[in-house]
Amino acid sequence: GNEVITVGHTFSATFDQIVAVGATPILVDIDPETGLMDPALVEKAITSKTSLKKAPMIYNLSISGETLTDLADRFDNEFGRRNFREVNIIILAIGLNDAITLHNENRLKTDSITFKKAVNSLLKKAKKQASKVIYVGFTPVNEKVVNPWHEEESFYNKDIKKYNQVVKLACG
């Protein structure tokens, strides 16, 4: 199969993860009483192309505003505490915050050496937990729309591209 059923009102990383494995997201509405996918609509959406007949467990380990180093530092603890069932694949879609320019300090939030170490550390830890690890690269931003991100912070595509290259090299 190459279709995965999900809801349309979810964080974009959900779609990134589906597309990253070469599948097509199929959107269903929610049950207004539970706020979760409507089981009847899920049943109707299942076809011969549906990848999974059993829902996967998806955990979001990110915290808004954190850096890759923050996640790498707490990754093992998160896996240990959450008692994950069998993990077949880990999809990493984090790191864009590292490429934020801090104007008041005239630097990136995370320097390139620290970022490279964090990427390698996180990949090593993820590979201990799952047989397959996919790292979704950072999406370029519309600099005119997102900047300044906060009062003293901005995203620039030149920095995003540089950090994407670090990830690409680490992933081999």
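Refer to the structure printed above.
The present account deals with the structure reproduced in this document. (Residues numbered from 1 in each chain as written. Predicted model: local features only at pLDDT ≥ 70, side-chain atom pairs only at ≥ 80, totals over all residues. Heavy atoms only, no water.)

## A look at the overall build of the chain
Point 1. The helix and strand inventory of the chain stands at six helices and seven strands.
Point 2. Tracing the chain from N to C terminus, the helices and strands come up as β-α-β-α-α-β-β-β-α-β-α-β-α.
Point 3. Buried residues in the chain amount to 34% of all 172 residues.
Point 4. When the accessible surface of the chain is totalled, it reaches about 11000 Å², and 53% of it is carbon and sulfur. (Helix = DSSP H or I, 4+ residues; strand = E, 2+ residues; numbered from the N terminus. Buried < 20%, exposed > 50% of the residue type's maximum accessible area, 1.4 Å probe, protein only. Areas by Shrake-Rupley, 256 points an atom, 1.4 Å probe, with all protein chains shown as cover.)

## Comments concerning the side chain of Thr 6
Point 1. Within the secondary structure, Thr 6 sits in strand 1 (residues 3-7).
Point 2. Look past the residues within four positions of Thr 6 in its chain and what remains in contact with it is Thr 14, Phe 15, Ile 18, Pro 25, Ile 26, Leu 27, Val 28 and Met 37. (Contact = heavy atoms within 4.5 Å.)

## Here we look at unusual backbone geometry
Point 1. With an omega of -5 degrees, the peptide bond between Asn 147 and Pro 148 qualifies as cis.
Point 2. Turning to its location among the elements, Pro 148 is positioned in the loop between helix 5 (143-146) and strand 7 (153-155).
Point 3. With phi around 55 degrees, Asn 106 is a residue other than glycine that occupies positive phi space.

## Observations concerning the packing of helix 4 (residues 112-129) against helix 6 (residues 157-171)
Point 1. For the pair helix 4 and helix 6, the least separation of the axes is 10 Å and the interaxial angle reads 40 degrees. For the crossing formed where helix 4 meets helix 6, the hand is right-handed. Where helix 4 approaches helix 6, its residues Ser 112, Phe 115, Lys 116, Val 119, Asn 120 and Leu 123 are matched on the opposing element by Tyr 163, Val 166, Val 167, Ala 170 and Cys 171.
Point 2. For the contact of helix 4 with helix 6, the class distribution of residues is eight nonpolar, two polar and one charged. (Axes fitted to C-alpha atoms, helices over the stretch in contact; angles between N-to-C directions. Left-handed = near helix turned anticlockwise from the far one by under 90°. Nonpolar A, V, L, I, M, F, W, Y, C, P; charged D, E, K, R; others polar.)

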